Structure formats: structure tokens, C-alpha cells
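Reading the structure
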Amino acid sequence: MENNEFKNRSPKEVSKQIRKENFKRNWLLFKQSKLGMTGLVIIAFFLFLAILQPILFATGIWSRGVYDPVVGYDSQKVDLLVVECPKEYPTEKYETNQDCPAKDEINIRVLLLRPDVKVGDTYEAFLQPAPPSSKHILGTDSLGRDVFSQIMEGSQVAFLLGLLSATLGVGISTLLGTIAAYFGGRVDAYLMRQSDLVLMLPSLPLLFIISAFAELKVWHLAIVLGVIGGLGGSVITIKSQALQVKVKPFVDSARITGGSKLKIMFSHVLPNVAPLALLFMVFSVTGAIASESVLSFLGLLNIDMSWGLMIYLSQTDGYIFSGLRYWWLILPAGLSVTLLAGGFYLVGRGLDDVFNPRLRKR
Amino acid sequence: MAIYILKRTYQLIIVFLLFLVLSYLLFNAIPGNAFQSLLLNPDLPKEAYQRVLETYGLDKPLFERLQLYIINFFKGDFGYSYNYYPKTPIDLIAERLPRTLMLFALVNVVSFYTGFIVGKILAWRRGSKSETWITITSVFSYTVFYPWFALLMLYFFGYKLGWLPIGKFIYPEKWYDAPFDSDVVFITMIKFTVVATFIQFLAFIFTRNIESLTNRKTARLVSFVLLLLGSYFYWGSGSALEQRTYAADIAYHMILPVFTVTIVAFAGTALLTRTTMMEVLKDDYILTARAKGLSQKRIRDRHAARTALLPVVTSFIFTIITIIDGSVLTETIFSWPGMGQLILQSVTQEDIPVAMATFSFVGILALVAHFLADISYAYLDPRIRIKSQG
Amino acid sequence: MPKEILKVENLNMHYETLTGNVDAVKDISFTVLEGQSFGLVGESGCGKTSVAMSLLQLQADNAKITSGSIKLDGVELVGMSESELRTVRWDGISIVFQGAMNAWNPVIKIGEQIREAIREHYPKKSKSENTKKISELFNMVGLDESIMDRYPHELSGGMKQRAIIALALSCDPKVIIADEPTTALDVVIQDQILNEIKKVQDLLGLSLIYISHDIAVIAEMTDQMAVMYAGRIVELGPTDEVFKNPKHSYTKALLESTPSVVGEKVKLKSLEGEPPSLIDKQSGCAFAPRCPNKNETCNPTVDMELIEISPDYFVDACNASNS
């Protein structure tokens, strides 16, 4: 039956057809995996956020001056009641004079520039950080910048960094792993020892050193993370996979029909390692997003805005220990890192179900 | 075989040498040096600064210093710390290592054990609703942004509820008139933990051959109770009695970091176990086991989990490499003065001898872990055991 | 008349796959008597193993028994709970699997794997009793006792298969299913294993279900046999009679494609075409496209159906008149 279908067609068309059907089948399998689909939905959500921000700016719905994640400024105006704090503590309301003024009140002593103000007057003030309102969905930070816009900017950074470093890293490790498996001998020994060497270096301190002698921007960090990841342990895993492919009959038959070493490597071995490489890539996006956030969190990166930086700022400003009173400074950024990294991980799980028949249910 | 081992050893030495050279060059690539802050002091003459550099040999050209360092390294001389002058890097490591080991050995064992059990259950309940939910929870505990999570835990348990101490590994006021150093107590605790784990392990091995399942269970329970009694007597007598209150103080400070790191770390093992176990469940001998009428629990624990353990154990041993690496963040957040903080300090303050020593320590640890992974694999898989004998 | 030990009636089973349901077992009925050996023969993929797995209720997760009944000694197995089934498995029905290589857990000793089965069904027996039982079984299948303390990978394929037979016998089951037990072995070992099975069966008076694609082995091993095609039984009867006078064209074709050592030389005929894919549901006679004896009386749009033409002899209705 199948033979008839492919009759009278050029080999190119046939292989195109087969590829299309394979893709369809894989997609069906992927759709079966609840975890994979959950991950895909999460990624789609953040991708939407990342794309939405420039659109909002371009269409003028958001003005740069107010909503720019780095230099924008806006904060809520509130009316505060002017009170005079008692001289002796503790009182009914306050234990020390640091506690005074409390919410919606302002200490008369603070208003030295306005000597005409009396106790009981209301005073207009700018509230920073401002809680969420219709204008700022997730409120503003301590500098009056819109948190939601920062989250969007952060997701752009995360996608750029995660995908770039993962592609670079997996590209390097796939190439090296295949070369090690295919050529063996000295090349193999050299490459394996090289990844041993990279594995021996403690990664976080290493990134510290690198950030100390080079100002790291998003691009630089992506390349550094990609190279370190690409030279490390994944070369070993890819190599063992490529070794399994190398002994398959179709590689032998390609050799017998006179294919050159390079051609066999690129057209027969590499494509069969690709699924595993794709899997690695998805998983290493998770790692890259986490690394960036940790470095930003430690204040080592020269980045204008990122999720890690947001948490860093909320920590250095002391909001993280204020409990949930300033939740919009603490929760959204941390959750975003966790969710997006988790989303990529879940997609990896789903792909694992597709490529590894032993994990499949049926 | 002998030739293979020789060749491998030779390669290892080369790799280690390269590792030393690379690390040394990296540290020296950081602009400035450890004593630059002296220049900021206007009362200090320039010559004094120059003399300090000469004392530490920092005025010599880079290549000469590298050569000297490597030669001295193999003589067992690691120099002196720049910042803690009379102390050598070895002194510092000896002081910090027990603290990190105690904390992370415990974390690793606890998280490995819980992870393995959770993973086993996940694979077994495949397709059920609870599986999906537990998996999603573990994925998010695996990918949670760790510093953020740790800070929230600190806030919640340490600050809001006030149950557990915030940071630090001891209450200094308690130790004010202590007759001994905290390190002594740490070492006693490590010794105790190692011996207790070993005894429990032995009990497990020896009861494995008891034929009746109920007898086996009782025997294991009895051995566990005996172990508890034994530890009660240990801490109630001799030198351990004096250290007891101090050990309790350290243990109290350990609860929060152990708990936090375990939540983050168990998920990795759980997810890996789930995958390997699911592969194993497709094997034919699982079908045989089912055909034999064995109980689900027995098939899961004895037939599937035992084989699935192999790759999980290997990955567990590889996490030993990342102990020190991972401790950097944890120790910074929980102000736990261990190896992680030492590495961080030495790198940021350019205390090159200490940084080099800690880096080489991590490197050697990585090499040992590789070795251990091979050995344990051979122990757990009889197929390999036979081959290596023959 | 010996007791009916296993009675299968109108068993239907399918696998649910992404691309649709695969009907692997269609309307199968047969009976195995006490002490009798029953053969099941057919091409690869005709549903033999699916039948074996349904008997033990060990089918894959995506397999569903839609209707029919399986009675072991009068007890219904279809719809039994997992814990009830556990007591039936190995104690009531045991199985010798296709690939002995993979049927042993590689990290547990052979003896322990057998002991484990006995322990599950007879928990009161002592360790020495179990060891004695296993060494008896090993003697019976021609293995040395020392094999008990070996790991599976230390044994040759033949030894593993013998040990599997010992394993299958360990709980004194009423019925043993042998699912192509000799496929992976060389001819000499194959013969030894077959003899071993036969000897043990005679010795213990067991009922045996022997599954194979090799009709010659079935002839040697069984009293009663059934021929399967595309998930259905097309011919069922005493082995001697089926061989002497096959009724169904598929049975004839199977016999003609097997060389015979005795008798005159005949050219072997092979059957044209391939067995139908079970996933495309076609109504009508599944064998019609390949049937060499299509004639006017035969109606390819009618489903296959077994009818009894003489006592205990059933054949597909279409071919019943060929006799």
C-alpha cells in the first residue's frame, strides 16, 4: 500500500512527505503528555509578555516616560494625615519613634519645609513603592517604575539568554560529542579530558571570576554560559549516544557505498543524535535562566533589568523581610523565574516521552 | 588492564596540572590585587605597599610565580593566606570543611532518600491524577529560583514564626565560655553520623537474607531501636556528654538550611528516578515478576527500583562534586561560615593561595567522585562486578 | 473423560493505540483438559501471545478485554481484582516466556528469584524446604544445583531457559503456558528443551498450552491444536487429525510450507502476500485476499466463523465443505 503512495514521486518529495508525517506523529505523541503541554502553555504565556511590551510602546498605549522598565517614573498619589508623634514611647500605637508615622499618616517633624502645616491637615504625597492599581497592574518599585513592565523586560532577557546560550552550548557539545565518537582514539581522549577539566571547575566561583575581569552584558553571559555548558558533561552523554548510532547497520552501509567520513558523520550520525541534543537544549535553557538570575541576584551582572535584578533590588532595599506587605516586589519576579524555567523543563519531559519509546505509555 | 590504568592515571595528572595552571591564570586575570586597598590609605607610604607586595612575592612576573606555585604545590606547600596571614590555606580548609560537610552530607542523604522514594511512587502511579500533580510540584521545586525561595523560608520560619534562628551556625552567647572550639563539636557530630549511618547500612545488609518478610521487618525495626538506644547512651556519657548542649545548638541552627535545601534538591533525584524506573518497568523481567504473582510493592521495590537505582546512584555521587559549588549560595544566604563562603571570599578578595587551594580541593573531589561512581556501579550491577574480576 | 481445566469462551481483546484500536484477539474459544497439551500455531503477529497474556490477565495497560470468559477450574478470571489474580498467577497458571534472556532480573540471583515466587504463594515454607524444592526442580530439568547462586548473565541461553522451566514449575501450577520457549536457541538445545518440557509434563501430569509459529514443533508436542489467523482461530481439533487431513486452506498452506523429513520430496509452497494489518478493520473473511482456493461458494464479505463438523473438531465455516 505504502509503495503505491510513493510511486512516481521524486525522492525529495518522498522524504519531505515522510518528514511531515513524522512530525505529525511526534506532535500527536507530544500532545498526549500533560506535562509537556503544561510547559508549552507556560512558555507561550511568557513569550506573549515578552512580545507585548514593545507593541504597547510602539502603539503608544504605554508612554515611555511612565512605563519604561528602567527609567520610567510614576507613583501613586495619596493623602496623608499629618499627626504628631508623642515624645514618650511605648504608647498605644507605637513602640519606638521609628514606628511613627504609621500607615496613611505623616509625622509633623518630617514636614520641616512646610511650617504652615498643622496636625490634622491632609498632605499630598507620592507613594513608593505603590501597590497594584488599574494603572500599574503589579504596582511600582521603590523608584516608581512599573513592575509589570519590568517583568515583561525580564522575560525578553530570559528568552534571549536562555535560547542563545542553550543553542550555542548544545551546538558545541553535539559537534564535539559526535567527533569524539566518530574519530575515537586521540581526538576522543583529548575531548574527554577537556570536559573533565571543565567539570572540575566550580561553576559559580568561575562565573564570579569572569564577571570580575569582564563587564558582563546579556550577550556576553549567554556566550560564556553556552561555552561552559557546551564543553562540560553533555559532550560525554552525546558521545555515548553517537557511539550507539555509529555501530548501526545504516552507517556501515553508508561506509561501504563509499561515503567520506565527514559526510557520514554529518548526514547519518548527527541527525540521529539530534533528538537527544534537542532534549539537552530544552533542559539547558532551564539552567541558563537560573544562572542569570543567580548572578543578577548577587549583583554581578551589568544588566539594566532582569528578574534576578528585581529580586536583588527588593532584597537590598529590605522589602523581602517586610513579609507580604510589599508582595508585588517579591513574588512576581521570583515566580516568573521559577515558572519559565519549569516550563522549559516540562517541555523537555514531554519531548523525552516522544523520543524515548521506553518511556511511552503505549 | 594495567596499561589502561597507567594511561588513565597519566591523563589524570595532565588534566590536574592543566586545571592548576588554568585556575592560576584565571585568578591573576582579575584586575588589581589583594593589597590594593592599602593604596587608599593616605598615611601609608608607597614603599610600604611595595614592601608588602615583595613579601608575598607579588612583584615577580606572572610566569615565574606560576612556576613557583606549581613546584611548591607538589611539595605540599600551599603558601599563606593573604587575609588571615599566619594561617595557611590548609588550616582554613580544615576549619571550614567540617561545617560544610556536616550540613551538606545530611542534606544530600535526606534529599536523595526522599527523592528516590518519591520518584519510585511517581513511576508506579503513572497516568494517575496524583502523578501529574506530584510531578508538577517536583518540577517547580526543582526549578524554583533558589535564593528567592531560601529568603522566603528564612523570612517565614525565622522571622515571622520565629521558630528557627536566622542565619549563623551557632549562638555566640552560648559559646562564650565553651571549653572547646566549635570545630571539635562538628567533628564529633560527623563521626557520630558516619558511624550511625554505617551501622544502619550493615543492619540492612545482614537482614537482607532473612527468609520471612515479617521477620525481616521486625529485625530491621529492632536494629533501628538498638541504634537509637546506642546513640542515646553515646551522647549521655564521656566527652560527648560535655559537648551535648553545644551539638544541640548546632543541630538547631542546621534545621532550616537542611529543610530548605532538601526541598529544592530532592526533586532532581525524584525526577531522574521516575525516568529510569519507567524505562525499567518496560523490561521483560518485570512481566515475569508480575506473572509470578508478586505483590505490587515487592515488584516495585525489589525488581524495578533496584535496577533503576544504578543511574540514580551515579548521579548522586556526581552531586558530591557540586556540594562545594552549591554551598556558595546556601552559605551566603544562611550566613553559614563554611567552604562556600571561603571560596567566595578568597575569590572576591583575591586571596590567591586560599582560592587556589580551595579550587584544587574541589578538583580533587571531582576526580575522586568519578572514581567512586565507577566503583559503586560495579558493586550494584553484578554484570560489571564479574567482568572486573575476570 | 478428564476434567476441563481451562475453558476460554468467545474472548475478544483489543489494544488502544494513537491511530486506532487493534483487534488482536477475536472471538476465541477453546478448552484444555487435565493432563492434555494444547497447541496454538500461527504466523507472527496473529495474536498468539495476546491470547497467552490474556489467560494470565497480564496484558499491556492499553489492552482491553471487551467480552468473553476465561475459566480456570471453574473460576472466572476475567474481571478478577488484582489481588485475587495474584493468587491465581503461578499457582494456577504459570508461563514460560519467549525470551529467556530477558525474563530474569539481571541483578538478583537465580535461586532467589525462584524462591521469591514460592515464598509469595507458600509463605509458611522454610528456607531449607524451598531450597530442597528448587534443587529437585533443577534436577528434573537437568541443571546443577549450584546454579541457584548464580546471576542470570553467568548462564548460557539454554541453561537460562531450563531454569525458566524450573521457575514455571516451582508452585505446582495447574496449567503451564509455553510461549515460543525455544525461539532464541539453536537447534540442538531446542530439541533438548522440548524433550525436557515433555518429560516434565508427563511426569507431573500437567496441562500445557504450547504456543509456536513452528507447526512441526506443535505436531511433536501437542494432543489438541488450534490454528490462528488474524486474531481468530480458523481450525481447531486433535493434532493427529489436523495433520492428516487439514480442512482450512490456511492450515494446508502452513503444512505445505514446512519441509518434511520422511516421505517423498515435494516442492515447498509458500503463501503469497502478507497477513492483514489488524488496525484497518475490514469486514468479511480476513484470509480471502490470500486464499488459494477461492471459489464460487466462498463469500469473502462474510466474517469467519467456526462451526463444529465432527465431535471436538471445529473449522471456519467457509472451508468446512473442503473436506
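Everything in this summary refers to the structure shown in the same document. (Residues numbered from 1 in each chain as written. Chains lettered and ligands numbered in written order. Predicted model: local features only at pLDDT ≥ 70, side-chain atom pairs only at ≥ 80, totals over all residues. Heavy atoms only, no water.)

Moving on to the interface of chain B and chain A. Every contact between the two is made by 53 residues of chain B and, on the other side, 54 residues of chain A. Both sides of the chain B and chain A interface together cover about 4700 Å² of buried area, and 76% of this is carbon and sulfur. The largest per-residue losses of area from chain B upon contact with chain A belong to Phe 145, Trp 148 and Leu 151 of chain B, which jointly make up 15% of the total buried on that side. Across the contact surface, chain B and chain A share zero salt bridges. Counting across the chain B and chain A interface gives six residue pairs in polar contact (both at pLDDT 80 or more). The greatest single-element share of the side of chain B that touches chain A, amounting to 11 residues, is contributed by helix α1 (residues 2-29) of chain B. (Contact = heavy atoms within 4.5 Å. Buried area = accessible area lost by both parts, 1.4 Å probe. Salt bridge = Lys/Arg side-chain N within 4 Å of Asp/Glu carboxyl O. Polar contact = N/O pair within 3.5 Å; in protein donor to acceptor, adjacent residues only side chain to side chain. Helix = DSSP H or I, 4+ residues; strand = E, 2+ residues; numbered from the N terminus.)

Once that is clear, we can look at the sheet that holds strand β8 (residues 207-212) of chain C. Hydrogen bonds between backbone groups are what pair the strands of a sheet, and the pairing can be parallel or antiparallel. All names here are of chain C. The strand order β6-β7-β8-β3-β9-β10-β12-β11 describes an open sheet built from eight strands, whose pairing is mixed. The strands lining the two open edges of the sheet, one partner per strand, are β6 (93-96) and β11 (306-310). Put simply, the sheet's adjacent strands are angled 25° from each other on average, direction ignored. Across five bridges, strand β7 (residues 175-179) lies against β8 in parallel orientation. Bridging from a neighbouring strand, Ile 177 pairs with Ile 209 of β8. (Pairing = 2+ DSSP bridges. Axes fitted to C-alpha atoms, helices over the stretch in contact; angles between N-to-C directions.)

Quick look at the packing of helix α5 (residues 147-183) of chain A against helix α6 (residues 185-200) of chain A now. All names here are of chain A. One can describe the packing of α5 onto α6 by two numbers: an axis separation of 7 Å at closest approach and a directional angle of 145°. Handedness of the crossing formed by α5 with α6: left-handed. Within the contact between the two elements, α5 uses Leu 176, Ile 179, Ala 180 and Phe 183 and α6 uses Gly 185, Val 187, Asp 188, Leu 191, Met 192 and Gln 194. Residues belonging to the contact of α5 with α6 are distributed by class as follows: seven nonpolar, two polar and one charged. (Left-handed = near helix turned anticlockwise from the far one by under 90°. Nonpolar A, V, L, I, M, F, W, Y, C, P; charged D, E, K, R; others polar.)

On to empty space enclosed by the protein, then. Any space left empty among the atoms is revealed by the rolling of a water-sized probe across them. Residues and elements named next belong to chain C. Per the stated rule, a full pass over the model turns up three cavities of 30 Å³ or more. In this structure, the largest cavity spans a volume of roughly 80 Å³. Around the largest cavity sit Val 96, Ile 165, Leu 169, Ile 176, Ala 178, Ile 197, Val 200, Gln 201, Leu 206 and Leu 208, which together line it. Among the elements that line the lining of the largest cavity, the one with the most residues is helix α7 (residues 187-204), at three residues. Broken down by class, the residue content of the lining of the largest cavity amounts to nine nonpolar, one polar and no charged. (1 Å grid on protein atoms, 1.4 Å probe; cavity = no way out; pocket = protein on both sides within 12 Å on 5 of 7 lines; lining within 4 Å. Points joined across faces, edges and corners; volume = space filled by probe spheres on them.)

Function cannot be inferred from these measures alone, as they are strictly geometric.
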